Amino acid sequence: MSTHPSHSPSASASPTDKPNEPPVKKQRTDASFSSASNASSAASLNGTSSGLLSAAPSSSAQHDQEMTDLHHNKNGNSHASDQDMEPAVRAASFSGALPHTTNGVLERADSHSGDQVHIDEGLYSRQLYVLGHEAMRRMGATSILISGLKGLGVEIAKNIILGGVKSVCLHDEGQVEPADLASQFFLREEDVGKNRADVCFPRLAELNIYVDVRPHTAPLTAAFLKKFQVVVLTETTVEEMIRVNDICREHGAAFLAANTRGLFGQVFCDFGKDFTVLDTNGEPPLTAMISLITHDDKGLVTAADEARHGLEDGDHVTFQEVQGMTELNTHEPIKIKYVNPYSFAIGDTSHFSPYTRGGIVTQVKMAKHLHFKSFRESLQHPALMDMDIAKFGRSHQLHIGFLALDKFLQKKGHLPRPHNVEDAEALLELCKSVNEQLPPETKVDPLDEETLRNLAKTCRGDLPPMQSVVGSIIAQEVMKACSGKFHPVFQFLYFDALECLPDAALAESEVQPTGSRYDGQVQIFGRQFAEKLYNSKWFVVGAGAIGCELLKNFAMMGLGCGPKGKIFVTDMDTIEKSNLNRQFLFRPHDVQKMKSDVAALAAKHMNPHINIISHQNRVGADTERIYDDSFFEALDGVANALDNVDARMYVDRRCVFYKKPLLESGTLGTKGNVQVVLPNLTESYSSSQDPPEKSIPICTLKNFPNSIEHTLQWARDLFEGLFSAPATYVIRYMEEAKFMEHVMKLPGAQPTEMLESLKKALIDERPASFADCIAWARQQFQELFHNQISQLLYNFPRDQVTTSGAPFWSGPKRCPHPLEFSADNPMHLGFVIAAASLKAEMYGLPRNLSPKELHELAGRIPVAAFKPKQGLKIATTEAEQAAEAASVEHGHVEELAAALPPPASLKGSGFHMKPIEFEKDDDTNFHMDFIVATSNLRAENYDIAPADRHKSKLIAGKIIPAIATTTSLVVGLACLELYKILQGHADLAKYKNSFVNLALPYFGFSEPMPAPKNSYGSTQWTLWDRFEVEGDMTLKEFLNMFKEKYQLEVTMLSQGVSMLYSFFLPKERALERMDWKMTELVRKISRRKIEPHVRSLVFEVCCNDLEGEDVEVPYVKYNLPSNHKMHD
């Protein structure tokens, strides 16, 4: 049976993108962000309203009106956001301050103090998890020159400025032309005739207050070029690239060049004669526990517990905690030889002491040295990367094609005319000439004449998605040149998207420019296709990083800009400071505003013709009266920009139901993916499932952690158990009349655990003052880090052996030691302060002790000496843990229930508690203070290396690393697929699912998987098929229709979770239902009315064929009669 939107799970689409969206497509992250306060309303850098996206409107009334116009108040939602700010606990919402304004002018922040580069972790938090602090410090000391500020140049500049380098110089000697508006999103129609650099400068500068952005409109002299560590040229001649590259090599600067020509792109990198890559892939070093190291000439190392080590041939490793063969613990990194997934060899170990047991192996990142050739030399002897393996050899063809284009331009003073046969043949002849002049080893035989003709026919085009693709790649390469992080492109990279072209050749008259801002597209696809683009209706679900990039591209492409076109965007989140690093449509003064409203207004500024409506709704079952049949049926497609799997799957099911194309994309750091879902052709997003994440065994978390991930998860669980669950239980106990009845029916030990938690919260551990909270926190320290460890060692002493005689404390079981509290130890005192502060917040108590008083009080609180509990069993396996959880003392449960104060007495006394929801991004709320202290104290118990706050936040907060370049790349690739969708291509081979990793760099493209086929009888069907039935008929008529029309006997019929009919139904009940209308059947059995907006019902059917065999069939789409509302 199929899964369909009418009975989807409760999960719905909460449209945000915290990254956005992962290459392992079903993995997602927690969507919480901190509240923000004191957001400054900043104008553009020069104090005027010149900022294209975020310059403050001339009046608040005007701004409010613009917002109202965008969403027409359709949703009726309030934009107010609740800010639960308790001043005694939290002084501010951000770890770093927002920029201030003086007389309306944005103050530029100074991120450099002497030689130190300051990193605003509040702003760069997600990017820091991609690049790391050291790489960002190197970037923060680098000055960049970007020459050429058309669509490609501004895309590069945008990504680099968001990334956070020291300074960016914007160079362009040209004036804004109408054609520039095709893809240059920081230009307006009124800018025509002005210098591009001057116009773009303030709009780019406001992207990042920490980057010094300046314009330069004079020619690039050698003296001027020597001021920069990285130089980027765009849209320029081969002669100029040779000149500038020679200067850069002379003074040791990295040189990059990029060009886009219609559906073709070119990238070139030269990082100098000797460039060091410090980390080729950015992945965290692999670690594995060891079970054996052989004492021989091979030195075979085997991982413990049959775990895969993940290492590759040539990797280097170090060892720690090896017993016996202790020489390895201090040995320099050793190069390994891969043997199998579980073993590797390190060479002769016979001269070491024999291995006894234990040990951890850790991968070491080794520097890699690259030697780049100059641009001049590379023209004749190019090092080429193939971006699409399915087009193997295409790079050689395009290398010749781009050289020939340059010669054509120098010879005739213009590029080949769009779709002009004469110019295409002339370029082909130049390609042959260029090929003949190349060295024998570089010559291509034969030339791909059709591709080169298409290069000539489309090279005048200017496509926003192509600028996104090439611009994001170049921007990431700039960051590599600055930081040494990730492997560079070596050295030429060519890309084409010829599959976007229509199947039939275009007449030259169809592609002639008319002076429109869309001429760049018309010259490739023709006016007829452009009209189709303008009048399309698309739904963007999410306005985070991917959503912002989608809206930028849609606005520049003209999607939804025609009289019949429309773009809908929805997102229920508000803007937070950490969004500003990637979600480039937002500015500091937008913090706490609705994402969808601000993003829609920014898109409107980019292209005033776009018809865009913003919503603030979750897309799910609860909003199906808004996103109903009429809404979806009017759409031409949907683009997801979501941050969780359940939401994506819900939207995917809706698209399948309404047979609408879906563009699905996601990012995870430098990795990204795009999936295109096509009605009647491909599988859907929900067709494939990623394997579930590996969970940590409970007994490992409770008693036997061996990694920092274990201690952090333990700390997160403890946070919920101490500061969230108790208050939640108390509120339910006080408010729900049948709460205790419900608790008593819970399975296993749950009743005991819940009632014990209630008793502690209301009686045993209920504080009356902040001093009581300090005392409680001190006792928690003693219990968690001393008593529980001492009890564990009492049950399992250090010299304990198993029944086989092996040491109990070996392999993954690390022998712990208890901690002795000291108020002078910052970690110890930090735990007490954080725990006490959270306890006080939960009970609404003020924090009224000075730091000195806190220190003194914590140091003198008496604690009882540890006494081991006799007969206490501690689970050492999952089976023992499950058995322990299943045991329950019912008598004890009744005692606990009787001890609780009546709910009425609590209400009468005005007692209240507040559950504390974990919030990782507010550095003043003590949440991460508690997590870091708790995890690291636990790690100290078990001699596990601690984690700093940055790493702890990543793991405990389940943060998805994100960077603007990857987002720009995947959206560019997605929008190229949108061209193909609107072209109406029926050939799956023309579509591309994308899998990319900018760190490596890796670009993988594959044809979408076709929809799997099923069959009943001689009829084949896929997930896109359904039985279409026109109502309203009786159940008997419905069953007979299946027999007569499809030769199928319905054995079971259901709608949602309601079984409407089955073969095992009692005869009299079945007969009673036979004469009921199907709508009546649904209402009576489900006991729910059919909502007025519902135009069809979905039925699931199980059927037998005429031979009585069970067959799998599609679902039934039962179209309701137009008068069904009257019957309701």
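Before reading further, recall that the structure is shown in the block above.
About the thresholds
Residues numbered from 1 in each chain as written. Predicted model: local features only at pLDDT ≥ 70, side-chain atom pairs only at ≥ 80, totals over all residues. Heavy atoms only, no water. Helix = DSSP H or I, 4+ residues; strand = E, 2+ residues; numbered from the N terminus. Buried < 20%, exposed > 50% of the residue type's maximum accessible area, 1.4 Å probe, protein only. Polar contact = N/O pair within 3.5 Å; in protein donor to acceptor, adjacent residues only side chain to side chain. Contact = heavy atoms within 4.5 Å. 1 Å grid on protein atoms, 1.4 Å probe; cavity = no way out; pocket = protein on both sides within 12 Å on 5 of 7 lines; lining within 4 Å. Points joined across faces, edges and corners; volume = space filled by probe spheres on them. Nonpolar A, V, L, I, M, F, W, Y, C, P; charged D, E, K, R; others polar. Core = buried A, V, L, I, M, F, W, Y, C linked by side-chain atoms within 4.5 Å. Axes fitted to C-alpha atoms, helices over the stretch in contact; angles between N-to-C directions. Parallel < 35°, antiparallel > 145°, perpendicular 65-115°, else oblique. Left-handed = near helix turned anticlockwise from the far one by under 90°. Pairing = 2+ DSSP bridges. Patch = residues over 30% accessible without salt bridge, like charges linked within 9 Å, V, L, I, M, F, W, Y side chains within 5 Å. Areas by Shrake-Rupley, 256 points an atom, 1.4 Å probe, with all protein chains shown as cover. Salt bridge = Lys/Arg side-chain N within 4 Å of Asp/Glu carboxyl O.

A. Up close: the side chain of S167. Along the polypeptide, S167 turns up in strand 6 (residues 167-171). Residue class for S167 comes out buried when judged on its relative accessible area of 13%. Reaching out from S167, the side chain makes a polar contact with the side chain of S143 at a distance of 2.9 Å. For S167, the residues in contact, after removing those within four places along its chain, are T142, S143, I144, V211 and D212.

B. Structural context of empty space enclosed by the protein. Following the criterion strictly, the structure yields nine cavities of 30 Å³ or more and no others. Volume-wise, the largest cavity comes out at about 150 Å³. Taken together, 18 residues form the lining of the largest cavity, with V238, M241, Q266, F402 and D406 sitting closest to its centre. Tallying contributions element by element places helix 9 (residues 394-412) first for the lining of the largest cavity, with six residues. Residues belonging to the lining of the largest cavity are distributed by class as follows: 11 nonpolar, five polar and two charged.

C. Here's a closer look at the nonpolar core. Counting residues in each nonpolar core, the largest one holds 179 residues, and the members touching the most others are I144, L263, I473 and F554. The dominant element in this core, judged by the number of residues it contributes, is helix 32 (residues 964-983), at 12 residues. Here I144 is in contact with I160, V165, S167, V168, C169, F228, V230, V232, V478 and C482, once residues within four sequence places are set aside. One finds F723, M754, A834 and A939 within the second-largest nonpolar core, a separate group that totals 76 residues.

D. Focus on the packing of helix 2 (residues 121-131) against helix 31 (residues 949-956). Contact geometry of helix 2 with helix 31 gives a least axis separation of 11 Å together with a crossing angle of 70 degrees. When the interaxial angle is binned, helix 2 and helix 31 end up roughly perpendicular. Seen along the crossing, helix 2 lies across helix 31 with a hand that is right-handed. Where helix 2 approaches helix 31, its residues E121, S125, L128 and Y129 are matched on the opposing element by H950, K953 and L954. Taken together, the residues that form the contact of helix 2 with helix 31 break down as three nonpolar, two polar and two charged.

E. Fine view of the sheet that holds strand 21 (residues 492-496). Pairing is mixed across the open sheet formed by eight strands, whose spatial order is 7-6-5-8-9-10-21-20. Every other strand in the sheet has two partners, leaving strand 7 (212-216) and strand 20 (384-386) as the edge strands with one partner each. If you compare each strand with its neighbour and ignore which way they point, the axes differ by 15 degrees on average. The sheet contact formed by strand 10 (residues 264-270) and strand 21 spans five bridges and is antiparallel. Looking at the pairing, Q266 lines up with Y494 of strand 21. The strands that helix 5 (residues 196-205) touches are strand 6 and strand 7; relative to strand 7, the one it contacts most, it runs at about 175 degrees. Along the sheet face, helix 7 (residues 238-251) touches strand 8 (230-234), strand 9 (254-261) and strand 10 and points at about 160 degrees away from the line of strand 9.

F. Quick peek at unusual backbone geometry. Backbone torsion omega between D445 and P446 reads 0 degrees, so that peptide bond is classified as cis. Inspection of the secondary structure puts P446 in the loop between helix 10 (421-437) and helix 11 (449-458). Phi is positive for N680, close to 70 degrees, though the residue is something other than glycine. Positionally, N680 belongs in the loop between strand 27 (671-677) and helix 19 (698-703). For N680, a relative accessible area of 47% puts it in the partly exposed group.

G. Highlighting the pairing of strand 37 (residues 1116-1119). Residues V1116 and Y1118 point to one face of strand 37 and K1117 and N1119 to the other, with burial holding for every one of them. Here strand 32 (residues 1027-1030) pairs with strand 37 via four bridges, running parallel. By the bridge assignment for strand 37, E1028 is matched with K1117.

H. Spotlight on a nonpolar patch on the surface. On the surface, a cluster of nonpolar side chains totalling about 280 Å² of accessible area is made up of F995, L1000 and Y1002. Take Y1002: it is sitting in strand 29 (residues 1002-1006).

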